[in-house]
Amino acid sequence: MSNDENRGSHDLRMPDDDEVFAVVTNMLGANRVTVRCADGNERTARIPGRMQKRIWIREDDVVLVEPWDWQDEKGDITWRYEKSEADQLRDEGRIR
């Protein structure tokens, strides 16, 4: 394994085929947030019940969003990155 493979994003959760990186831009209440996705879309994302009391999401957090098949302007948050992980993603150029 090379040095680049030893360190880097191998320990970070990367998006699946149906997920995109996003940054939380606004808290809407009722377990909903506005996110700016890496694909250029702004979506209303839902914080699912399994995350509500365990993971606190705030503005400027980096998250993974799974857009809805039937309504592309909405989606579900599937993951939140810690600040250090978000900084690593920015350093690697994966998010702005």
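Placed above this text is the structure.
Conventions we followed
Residues numbered from 1 in each chain as written. Predicted model: local features only at pLDDT ≥ 70, side-chain atom pairs only at ≥ 80, totals over all residues. Heavy atoms only, no water. Phe/Tyr/Trp six-rings, centres within 6.5 Å; stacked < 30°, edge-to-face > 60°. Helix = DSSP H or I, 4+ residues; strand = E, 2+ residues; numbered from the N terminus. Buried < 20%, exposed > 50% of the residue type's maximum accessible area, 1.4 Å probe, protein only. Salt bridge = Lys/Arg side-chain N within 4 Å of Asp/Glu carboxyl O.

Chemist: Sorry, what's going on with the packing of aromatic side chains here?
Modeler: The geometry of an aromatic ring pair is captured by the separation of the ring centres together with the interplanar angle, meaning the angle of the planes. Across all of its chains, the model carries two aromatic pairs by this definition. With centroids separated by 6.0 Å and ring planes inclined at 45 degrees, the aromatic side chains of F21 and Y81 adopt a geometry described as tilted. In this pair, F21 sits in strand 1 (residues 20-29) while Y81 sits in the loop between strand 5 (74-80) and helix 3 (83-91), placing the two residues 60 residues apart along the sequence. Of the two residues, F21 and Y81, neither departs from the other in class, the shared state being buried. Seen from their ring centres, W68 and W70 are 5.1 Å apart, and the 20 degrees between their planes marks the pair as stacked.

Chemist: Sorry, what's going on with unusual backbone geometry here?
Modeler: Working note: non-glycine residues mostly have negative phi, and peptide bonds are mostly trans. In the Ramachandran plot, N31 falls in the positive-phi region, its phi being about 60 degrees despite a non-glycine side chain. Inspection of the secondary structure assignment puts N31 in the loop between strand 1 and strand 2 (32-37). The backbone of D60 sits at a positive phi, close to 75 degrees, despite the residue not being glycine. Its location among the elements puts D60 in the loop between helix 2 (49-52) and strand 4 (62-67). Its relative accessible area of 57% is what places D60 among the exposed residues.

Chemist: How should the pattern of salt bridges be read in this particular structure?
Modeler: Between side chains of opposite charge, a pair can form as their charged atoms come close. A complete count under the given rule lists 10 salt bridges for this structure. Among the salt bridges present, the one from R46 reaches D76, with a minimum N-O distance of 2.9 Å. Taken as a pair, R46 in strand 3 (residues 42-46) and D76 in strand 5 lie far apart in primary sequence, 30 residues in all. Put simply, D61 and R58 hold a salt bridge, and the shortest N to O gap is 3.8 Å. Several salt bridges share partner residues, and in doing so they unite R13, D16 and E19 into one network.

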